[in-house]
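As a plain string of letters, each chain reads:
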Amino acid sequence: MSNPAPSPASPESTVPPPVGAPAAGAAGADAPAEVAGNASLGEDLLSTGSFLRALWLGPRAWGRWWRALVREIDHRGILDQVEQDANFSFNFCFMIVVAGGIATIGLLLNSPAVIIGAMLISPLMGPIVGSGMAIATLDFDLARKSLRTLALGTAAAVAFTSLIVLLSPVKELTPELLARTRPNLFDLVVAILSGAAGGYALIRGRGGAIVGVAIATALMPPLATIGYGLVTERWPVARGALLLFFTNMAAISLSVAAVAEWYGFGRGGLRKRFARQAAISFLVLVPLGIPLFISLKAIAFESFAQIRIRNVLEAGAASLPAGQLGAVEVLFIDGKPPRVRAMVLSAEPESDLAARLKDEIEGHLRQPVDLQLTQLRTSEKVSPQVLALGLGESAPGLANSIADSLRSAFPLPLAAFDADSAQRRATLVPEAQAGIDLAAWRAMESDLGKRHPEWQIRVLPPPQALPPIYFEHASKDLDGAAEARMATILWAAQRWNIDRVEVVGHASSDRGGSRRLAGVRAERVAEALRAGGLEVTSVARYPLPNQLAAERELGEAAFRAVSVLLPVVADKSRKE
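Bear in mind the structure is a predicted one, so any value in this text is a computation, not a measurement. (Residues numbered from 1 in each chain as written. Predicted model: local features only at pLDDT ≥ 70, side-chain atom pairs only at ≥ 80, totals over all residues. Heavy atoms only, no water.)

Time to look at the overall build of the protein chain. Across its full length, the protein chain holds 21 helices and eleven strands. Residues classed as buried in the protein chain amount to 46% of the 576 residues present. Contacts spanning at least 24 positions in sequence make up 73% of the contacts within the protein chain whose residues lie at least 6 apart. Carbon and sulfur atoms make up 60% of the accessible area of the protein chain, which amounts to about 26800 Å² in all. (Helix = DSSP H or I, 4+ residues; strand = E, 2+ residues; numbered from the N terminus. Buried < 20%, exposed > 50% of the residue type's maximum accessible area, 1.4 Å probe, protein only. Contact = heavy atoms within 4.5 Å. Areas by Shrake-Rupley, 256 points an atom, 1.4 Å probe, with all protein chains shown as cover.)

So this is what it looks like as C-alpha cells:
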C-alpha cells in the first residue's frame, strides 16, 4: 500500500510534511496573525503567478511560494492514480503486446510512421512513473508492484515481438532497427528531460504531455529490437537495444522521483530528500553514462574524421592538374583503422599520391587508416574516354546531315563527338550527369542504335563506379538482374578500354553470411566476366571493417553483393 496523503503543512514550517505525516501546527482560532499573513502571502504569490516577484522579494518569499505551490497538489489523488497505473492487468498486457507487434512490424518495414504508432499506445509509462514515485516516497509496496509490472510487461513484449520476427519472411536488419542498437549520452539526456516532463505532466494534471514523452523516449521500439536480436542471434543488436531500453527506463524513473520530491511527495526535509535522490541517481546513472559517453565519443570522432578525410582528399585532388575528387566511402569499426575508398580524376595521375594522402590523413586523425585510392586519367577539356580513343574536340559543323542529326538527337550535353560518315560510325562522349548510371548510358546507346540502324554508334559513359552484383539471402547463384548488371559492366569496360578488373565478394552479417560464401560469390562473378573477355582477380572480404555500423546505415542487402573495382590507374591508350 502507498502512504496516505499528506495534510496541509504549517505555514511556519520550512518544508511541507512528509507523505503520511500528520498535520502539525494547523492554524486555529488562536493561531498567530503572522502565520496567517505568511500563508496569505505565499498563496498570493502563487495565485498571481508571480514567480519573478518571489525571486525579487528574496529567500523567505521563495520558501513561501514553494510551500503554497506544494499545498495545492492533490498528493493522495495522484498517488492513487499512480498505483492504479502500476498494476499488472489484462488491459496492460494486451496493450503492451499490441504495441510490441506494431513496433516490430514498423522496424522490419523501416517505417517511422508505424513505429510512432507503437510509441503512442505503449503503456510502459505507468509502471515506470510508479517506480519513480516509489523512490520519492520510499514506498516499497509501490516499488515492488511497479517492478513486477515492468518485468512481466517487458517479458510479454519481447516474447511477442520475437514470435513476429520468427514468423516473418522479412528479417532484414533495417536502418530503423540499427538506430536502436547504438545508444549514446544524448539518449540519456533526452530520457532525463522526458522523465522530468512526464512527472510534471502527471503531478500538474497536464497528461497530454505524456504522449510527447512516450514518443521522445521510445520505450517500445528498443524492446522490439531486443526480440529481433534474440531470434536472429545478433547479439550486438540485442545488447545495444537492451542498453537503450534500460537507459530510458532508469532515467525516466529517476527524473520522475526528482520532480515528485520537489512537489512534496518525499519524506524528511527538502535537503535530505534531494541528497538521497542525488545519491541514488549517481549510483544508477554514472555506470550507465560510461558506455554511453564512449559511444558518443566514437560518433563524434567519426563525424570529425569524415570531414577531415574528405578535406585531405579534396586538397590532394586539387593539387593535380585538372584534378577532381570522385566518389568517397569511409567506414569505421571499433579497434580497427578507418576504411577509406576514393576515386581521383586528373590529367596526370601521381604514383605516390595514395601514400602522401594516407600520411596526411593519419596525421590529422592520429591513427592508422586503410586507404585505397583509385586514379583515372582525364583532361580539363576532354573526358578520359576521349583520350583513350584519341578523339579531339568536335569540329564546328559536320558534312553529313545524318551525323548532325545524331549529335542533336542526344538528349544531354556532350563533351566530345566524332563521326566517320564513310564508315558510318559515331562516338558520343557525354558530360557527367548526376543520377545517371551506366545502365542508363547503355540504354541511350541502344536507343540511338535502334533509331539509326545503319550506323555503328557508341556512347562513352563518364567515369564512375561499376555497379555491384547483388545476391539473394544466403544465395550464390546469379539471377537475371545480376546477369544484366554484368552485361553493363562488360559494356562499360569495353567503352573505357579496360581489360582487367578486381571482384570482391561480400556477405551480410546474419546467419547466412560467411567468408566462404563471399568467396564463392566473387568467383561466380569472376567466371562470368572472364567469359566476357576481361582479366579478373577475385578475393573474399568478410566481415568488412565496421560492417555492422555500415549495415545500420545501408541495410543488410547492400552487403549481399560482389563489388567490381576498376584498376588503380587507368592509363591505356589503345585503339579498337
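Right, picking up where we left off after that structure.
Bridge count between strand 4 (residues 414-420) and strand 5 (residues 425-430): six bridges; the pairing is antiparallel. Across the sheet, residue Ala 419 finds its bridge partner in strand 5, namely Ala 426. (Pairing = 2+ DSSP bridges.)

Summed over all chains, the structure comprises 15 salt bridges. Residue Arg 182 pairs with Glu 302 through a salt bridge whose shortest N-O separation is 2.9 Å. Taken together, the residues span a long stretch of sequence, with Arg 182 in the loop between helix 9 (175-178) and helix 10 (185-203) and Glu 302 in helix 14 (residues 270-318) at a distance of 120 residues. Residue Glu 302 is classed as buried on the basis of its relative accessible area of 16%. Between Arg 541 and Glu 502 there is a salt bridge whose closest N-O contact spans 3.9 Å. (Salt bridge = Lys/Arg side-chain N within 4 Å of Asp/Glu carboxyl O.)

For the rest of this paragraph, the subject is the packing of aromatic side chains. Across all of its chains, the model carries three aromatic pairs by this definition. Taking 5.8 Å as the distance between ring centres and 65° as the angle between the ring planes, the aromatic pair formed by Phe 88 and Phe 92 counts as edge-to-face. By relative accessible area, Phe 88 is classed as partly exposed at 29%. Ring geometry for Tyr 200 versus Tyr 263: centroids 6.5 Å apart, planes at 45°, classification tilted. Of this pair, Tyr 200 sits in helix 10 while Tyr 263 is found in the loop between helix 13 (235-262) and helix 14, placing the two residues 63 residues apart along the sequence. With relative accessibility at 6%, the residue Tyr 263 sits in the buried group. (Phe/Tyr/Trp six-rings, centres within 6.5 Å; stacked < 30°, edge-to-face > 60°.)

This part takes up the confidence of the model for the protein chain. Within the protein chain, residue pLDDT values average 77, and 76% of them lie at 70 or more. Across residues 1-39, where pLDDT falls below 50, the model places 63 contacts with residues more than four positions away in sequence or in other chains. Long-range and interchain partners of residues 45-49, a stretch whose pLDDT sits below 50, account for ten contacts in this model, where long-range means more than four residues apart. (pLDDT = per-residue confidence, 0-100.)

By secondary structure assignment, the location of Leu 554 is in helix 21 (residues 547-554). When its relative accessible area of 55% is taken as the criterion, Leu 554 is described as exposed. Taking the C-alpha atoms as reference points, Leu 554 and Leu 173, separated by 381 residues in sequence, lie 9.2 Å from one another.

Among all positions of helix 21, only Gln 547, Ala 549, Ala 550, Glu 551 and Arg 552 are buried. A positive backbone phi angle near 90° is found at Gly 555, which sits one or two residues after helix 21.

With respect to the helices, strands and loops of the structure, Thr 488 is situated in helix 19 (residues 480-495). Engagement of the side chain of Thr 488 in a polar contact is seen with the side chain of Arg 442, the distance being 3.4 Å. Among residues more than four places away in sequence, those in contact with Thr 488 are Leu 438, Ala 439 and Arg 442. (Polar contact = N/O pair within 3.5 Å; in protein donor to acceptor, adjacent residues only side chain to side chain.)

Within the secondary structure layout, Ser 508 lies in the loop between strand 8 (500-505) and helix 20 (515-531). Each residue touching Ser 508, except ones within four places of it in the same chain, is listed here: Gly 513, Tyr 542, Gln 547, Glu 551, Glu 556, Phe 559 and Arg 560. Among the polar contacts made by the side chain of Ser 508, one reaches the side chain of Arg 560 at a distance of 3.1 Å.

The next subject is the pairing of strand 6 (residues 456-459). Across four bridges, the pairing between strand 5 and strand 6 is parallel. Each residue of the ladder has a partner; that of Arg 425, found in strand 6, is Gln 456. For the crossover from strand 5 across helix 18 (residues 438-451) to strand 6, the handedness is right-handed. (Right-handed = clockwise from strand over helix to strand, strands pointing away.)

With that out of the way, let us pick up the packing of helix 8 (residues 140-167) against helix 12 (residues 220-232). Running from N to C, helix 8 and helix 12 point in directions that differ by 55°, and their axes come no closer than 8 Å. Classified by the angle their axes make, helix 8 and helix 12 are oblique. Crossing handedness for the pair helix 8 and helix 12: right-handed. In contact with Thr 154, Ala 157, Val 158, Thr 161, Ser 162, Val 165 and Leu 166 of helix 8, helix 12 contributes Met 220, Leu 223, Ala 224, Ile 226, Gly 227, Tyr 228, Leu 230, Val 231 and Thr 232. Taken together, the residues of the contact of helix 8 with helix 12 sort by class into eleven nonpolar, five polar and no charged. (Axes fitted to C-alpha atoms, helices over the stretch in contact; angles between N-to-C directions. Parallel < 35°, antiparallel > 145°, perpendicular 65-115°, else oblique. Left-handed = near helix turned anticlockwise from the far one by under 90°. Nonpolar A, V, L, I, M, F, W, Y, C, P; charged D, E, K, R; others polar.)

Cis geometry marks the peptide bond from Tyr 542 to Pro 543, where omega comes out at -10°. With respect to the helices, strands and loops of the structure, Pro 543 is situated in the loop between strand 9 (535-540) and helix 21.

The next thing to look at is the packing of helix 10 against helix 13. Look at helix 10 against helix 13: their axes get within 7 Å of each other, and the N-to-C directions meet at 40°. The orientation of helix 10 relative to helix 13 falls into the category oblique. Remark: the crossing between helix 10 and helix 13 carries right-handed chirality. Residues Asp 187, Leu 188, Ala 191, Ile 192, Gly 195, Ala 196, Gly 199, Tyr 200 and Ile 203 of helix 10 form the contact with helix 13, whose own contacting residues are Leu 244, Thr 247, Asn 248, Ala 251, Ile 252, Ser 255, Val 256, Val 259 and Ala 260. Tallied by class, residues from the contact of helix 10 with helix 13 come to twelve nonpolar, five polar and one charged.

All right, on to the sheet that holds strand 5 then. One open sheet accounts for three strands, arranged 4-5-6; its pairing is mixed. Lying at the two open borders of the sheet, with one neighbouring strand each, are strand 4 and strand 6. Direction aside, the axes of adjacent strands within the sheet are offset by 10° on average. Of the strands in this sheet, strand 5 and strand 6 are in contact with helix 18, which crosses strand 6 at around 160°.

Moving on, we get to the sheet that holds strand 8. Taken in spatial order, the four strands of this open sheet run 7-10-8-9, and their pairing is mixed. Two strands close off the open sheet at either side, each with one partner strand: strand 7 (469-470) and strand 9. When strand 8 meets strand 9, the two strands line up parallel, connected through six bridges. Following the sheet pairing, Glu 502 is matched in strand 9 by Thr 537. Its contacts with the sheet put helix 20 on strand 7, strand 8, strand 9 and strand 10 (561-565), and the angle it makes with strand 9 is roughly 170°.

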